[in-house]
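# A structural walkthrough
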Amino acid sequence: MLVEALGYVGLPGRDLEEWAEYGTRFLGLELAERARSSLAFRMDERQRRIVILSDAAAPVFGWEAADADALDALAARIERAGVAVARGSRALAAERGVADLLVLDDPLGNRLEIFHGAAVADEPFRPGRPISGFRTGALGLGHAVLTVERSESVLPFYRDVLGFGLTDWTVRPFRANFLHVNQRHHSLALIETGKNGLHHLMLEHFMLDDVGQAYDLALGVEDRVAVTLGRHANDLMTSFYARSPSGFLVECGWGGRTIDPARWRAREVMAGPSLWGHERNWLPPEARAEARALRLKAAADGLREPVQVLPGNYEVAG
Ligand code: FE
């Protein structure tokens, strides 16, 4: 696969003070760098993974390629598809902490940067509050979900031009397409809500209790919880969603499944988005009712899936 992971994101955020607090004290990220118009957060050995940009109008997604050859192959592939693509300057590469990058827009006007050679920090990751850490590595930093007016105007770009693989899709209570670039079930999803934007960024914790403790913190702030604790039917993630200072949501998750991209067959998920929970207060009332009906059907059908557990993360009960 040409693109191998979601490597970094740049997110619009006017209030950097509020983001510094939210990023460290709530999400558990490490504040690595504070500049006049940006903040850079670490979540693992990389120098930066999540950057907040006070001047940006739209998000920036940094998609990672293996090396310089893969970057060249991607540039040629994108040009062949008739999509405008440029080399990032040396100054931009230095700012992002990467060896080299391409710059292009997706059909929604989101800025994409395809890079290789991300810089690793000299110091170990120090979380902003005591958490077990984030599941990243070859799976990338997590996943991003975009809201789209119409999937048909965006899906072919990611699937056919950039080479993302379709994992699965749902049609109720909203149309959603889930795309993978590595073993993570999805690194990108497109949900059809009638308007274009960033819906959420998902960060995955090593341990379930980190999600529960983040949930307790979120419950202490009025209107912070946008989607209650629940479990997704397709990637099997246990998670909740919190409002960020910029309005889009952050999904705090644990226990996402991995897939084998070489053998995976795309399929429709009939159960809806969640096996239980995930009451979505961002949805209109009819769609909320439909989502609830789907969950009650899952319960009536006895739908359940094994937890997806990492080594060092469990003990077998007697
Ligand atoms: Fe998600």
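Cut-offs applied
Residues numbered from 1 in each chain as written. Predicted model: local features only at pLDDT ≥ 70, side-chain atom pairs only at ≥ 80, totals over all residues. Heavy atoms only, no water. Helix = DSSP H or I, 4+ residues; strand = E, 2+ residues; numbered from the N terminus. Rg over C-alpha atoms; globule rule 2.2 N^0.38 Å. Buried < 20%, exposed > 50% of the residue type's maximum accessible area, 1.4 Å probe, protein only. Lys, Arg positive; Asp, Glu negative; His and termini not counted. Charge placed at Lys NZ, Arg CZ, Asp CG, Glu CD. Contact = heavy atoms within 4.5 Å. Core = buried A, V, L, I, M, F, W, Y, C linked by side-chain atoms within 4.5 Å. Donors = N, O, S within 2.8 Å, 3.2 Å for Na, K, Ca; no water. Pairing = 2+ DSSP bridges. Polar contact = N/O pair within 3.5 Å; in protein donor to acceptor, adjacent residues only side chain to side chain.

### Some thoughts on the overall build of the protein
Within the protein one finds six helices and 18 strands. For 318 residues, the compact-globule estimate of 2.2 N^0.38 gives 20 Å, and the protein sits close to it at 19 Å. Seen through its C-alpha atoms, the protein measures out along the principal axes to roughly 55 × 40 × 40 Å. Put simply, the protein has 318 residues, and 55% of those count as buried. Between the centroid of the 36 positive side chains of the protein and the centroid of its 43 negative side chains there is a distance of 3 Å.

### Regarding the environment of Ala233
With respect to the helices, strands and loops of the structure, Ala233 is situated in the loop between strand 14 (225-232) and strand 15 (238-243). Assessed through its relative accessible area of 12%, Ala233 is described here as buried. Separated by 197 residues in the primary sequence, Ala233 and Arg36 have C-alpha atoms spaced 42 Å apart. Other than its neighbours up to four places away in sequence, Ala233 contacts Val269, Ala271, Gly272, Pro273, Ser274 and Leu275.

### Quick look at the nonpolar core
Judged by nonpolar contacts, the single largest core of 63 residues is most densely connected at Ile50, Trp63, Ile114, Tyr158 and Leu203. When sequence neighbours within four positions are dropped, the list of residues in contact with Tyr158 reads Asp106, Leu112, Leu146, Gly163, Phe164, Leu179 and Leu188. Residues Phe174, Ala189, Ile191 and Ala287 belong to the second largest nonpolar core, which totals eight residues.

### Overview of the coordination of the iron ion
Summarising the metal site, the iron ion is bound by the protein donors His143 (NE2), His200 (NE2) and Glu251 (OE), whose distances to it range over 2.0 to 2.2 Å. The sequence motif formed by the donor residues of the iron ion is H-x56-H-x50-E. A residue pair is termed long-range when its members are at least 10 positions apart, and His143 in strand 9 (residues 143-148) and His200 in strand 13 (residues 197-205) qualify at 57 residues. Note on His200: relative accessible area 4%, which makes it buried.

### Brief notes about the pairing of strand 1 (residues 3-12)
With nine of ten residues buried, strand 1 is to be regarded as a mostly interior element. As judged from the six bridges shared by strand 1 and strand 5 (residues 60-65), these two strands associate in the antiparallel manner. The partner of Val3 across the bridge, within strand 5, is Ala65. With four bridges connecting them, strand 1 and strand 4 (residues 50-53) associate as parallel partners. Looking at the pairing, Pro12 lines up with Leu53 of strand 4.

### A closer look at the side chain of Arg184
Structurally, the position occupied by Arg184 is in the loop between strand 11 (176-180) and strand 12 (188-192). A relative accessible area of 4% means that Arg184 is categorised as buried. Within polar-contact distance, the side chain of Arg184 engages the side chain of Glu204 at 2.7 Å. Aside from chain neighbours lying at most four places away, what touches Arg184 is Arg135, Leu139, Gly140, Leu141, Gly142, Met202, Glu204, Met237 and Ile259.

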